[in-house]
Structure formats: C-alpha cells, structure tokens
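Remarks on the overall topology
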Amino acid sequence: MHIMNLSIGICDDDKLVLDNEKKLVHDILNEKNIKHTIKTFNSSNELLNDEGVYDILFMDIEMKDLNGLQAAAKIRRASSDCLIFFVTNHEIYLDDAFNQHAYRYWIKPLDRHKVTYGIESALKELEDTRSFITVTVSSEKVRIFTKNIIYVYAQDKRMHIITIKGTVTTYDTYKSIYEQLKVCEQFFESHRSYCVNFEYISDYEKDKIFCDYKNKRHEVYLSRRKQDEFRKKLVKWIGEK
C-alpha cells in the first residue's frame, strides 16, 4: 500500500550532482514500486518560485545568492511538514541544519544504502504522522493524505478527489470515502455527494462554497438544508484556528 504519487524536489547548483541524485532517488523508488514525481532545481530562488508541493526535499546548502539553509527557513514557514534532506560537502553546517528541522544531513557523494534507508524512514514518517484515506486506483490500493484534499464529489458512478496535486478518480463509492473523511474535523459534507475541506475555503454564497489554492478557484455545491449547519461549523472552525 503506497502513498499516492510521492512528490520529491531536488535542489543543487551543480548539474552533474543534480542529475546523479535524481537518478539515484528515481531508481530506489522504482525498485520499491512507489509512484513518484521528481522535479529538479538549479538554485534556491528557482525552488522558492516554484508552486509545487513536496513531501521530500533534497537540498544542497552551499549555493549562490540564497543558500540552502535560508531557503529551508522560507519553506518551513509555508510547509512545516515537508521532510528536508540536506546534502553538502562539509559538516560545519550541521547545527544550523538541525535548527531548520533537517530530517537527514548527508555528506556528498551520496551513498546508495544510506539514501535507501533514509527514504524508507521518510515514508514511514509520512504515513505515521499524516492522516490519510485509502482508495483503489487501477486495481491498486493507494493512500492520499487528507491535508492535501480540497474536496471530493461523486459523478457518473465515479468519485473525484480534488487534491493540491491534481485529481484522483476512483470507482470506490462516495459512502466508503466519506466514512473515512467524516472522522476528520476539517471536512464537511456540503451536499449528499460533496465533501469539502475547511482548510481551503475562501468564501461562500447561498448555494456555493469557494475553495482557493494557488490562484485556482474551485466551486463546491452547498445544499439548502446544509446552509445553517455549514455557517455554524465554519464559524467554529475559524474561531478554533
């Protein structure tokens, strides 16, 4: 059972190192049959300007303009649960790296056995600390982190799970997915076939809820009989947050 499409970013201003790290991580994840996407960056500024959401980052420290530690501090403010692997030529940054909650601190060149063990530990950490739902996609059971789900809805005998990383479609029933989501306080059933995450709600009207994520707006149905309950729970949610 795997996380749905693990997202990995690798940042290093040395192209040869960048290519080698990408190949190494890609090979290890393929051996473990873990679906993944890897995006590479030649500088910290390029990474910070990217709109991607990453579960794991491999970050060089010594780079021009903005070093990896400074970039990590900015990333931490936007995504506190991203696991950061610092990769560097020197040990002198060790204390500073752990001040940025480094998940691992490795000296170049990377050792395959060490990276394999580190990725295995990271996967376990992600699954242990994040709430997730389990769905069937192409006959395979996969896990989707609830924090990444904007909303879900049923249409044409299929469930569409809208996440910050894209849409996941499954033939699992709405009931089976809603049963997993209703135990999470941030989800609200706005319609008999819609369930929305309070975390992404930006506004609402009489019969619509608007969810925003990175300049993209989603409209979610709000049934008449749910309107009062929705307003009460939204006020409660905002007050608690």
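What comes next is a walk through the structure. It should be emphasised that the depicted structure is a prediction, and the values quoted were computed from it without experimental measurement. (Residues numbered from 1 in each chain as written. Predicted model: local features only at pLDDT ≥ 70, side-chain atom pairs only at ≥ 80, totals over all residues. Heavy atoms only, no water.)

1. A closer look at the overall build of the protein
Helix and strand counts for the protein stand at 7 helices and 16 strands. Dimensions of the protein, computed from C-alpha atoms along their principal axes, come out at roughly 60 × 40 × 25 Å. Put simply, the protein has 241 residues, and 49% of those count as buried. Within the protein, counting contacts between residues at least 6 apart in sequence, those at least 24 apart form 52% of the total. Approximately 13100 Å² of the protein is accessible, and the part contributed by carbon and sulfur atoms is 47%. (Helix = DSSP H or I, 4+ residues; strand = E, 2+ residues; numbered from the N terminus. Buried < 20%, exposed > 50% of the residue type's maximum accessible area, 1.4 Å probe, protein only. Contact = heavy atoms within 4.5 Å. Areas by Shrake-Rupley, 256 points an atom, 1.4 Å probe, with all protein chains shown as cover.)

2. Here we look at the layout of surface pockets
The method is simple in principle: a probe with the dimensions of a water molecule rolls over the atoms, and the space it marks as empty is what remains. Estimated volume of the second largest pocket: approximately 260 Å³. In terms of lining, the second largest pocket is formed by 16 residues, of which the most central are Glu185, Phe187, Phe188, Phe198 and Lys233. Residue contributions to the lining of the second largest pocket peak at 5 residues, all from helix H7 (residues 227–240). Here the lining of the second largest pocket is composed, by residue class, of 8 nonpolar, no polar and 8 charged. (1 Å grid on protein atoms, 1.4 Å probe; cavity = no way out; pocket = protein on both sides within 12 Å on 5 of 7 lines; lining within 4 Å. Points joined across faces, edges and corners; volume = space filled by probe spheres on them. Nonpolar A, V, L, I, M, F, W, Y, C, P; charged D, E, K, R; others polar.)

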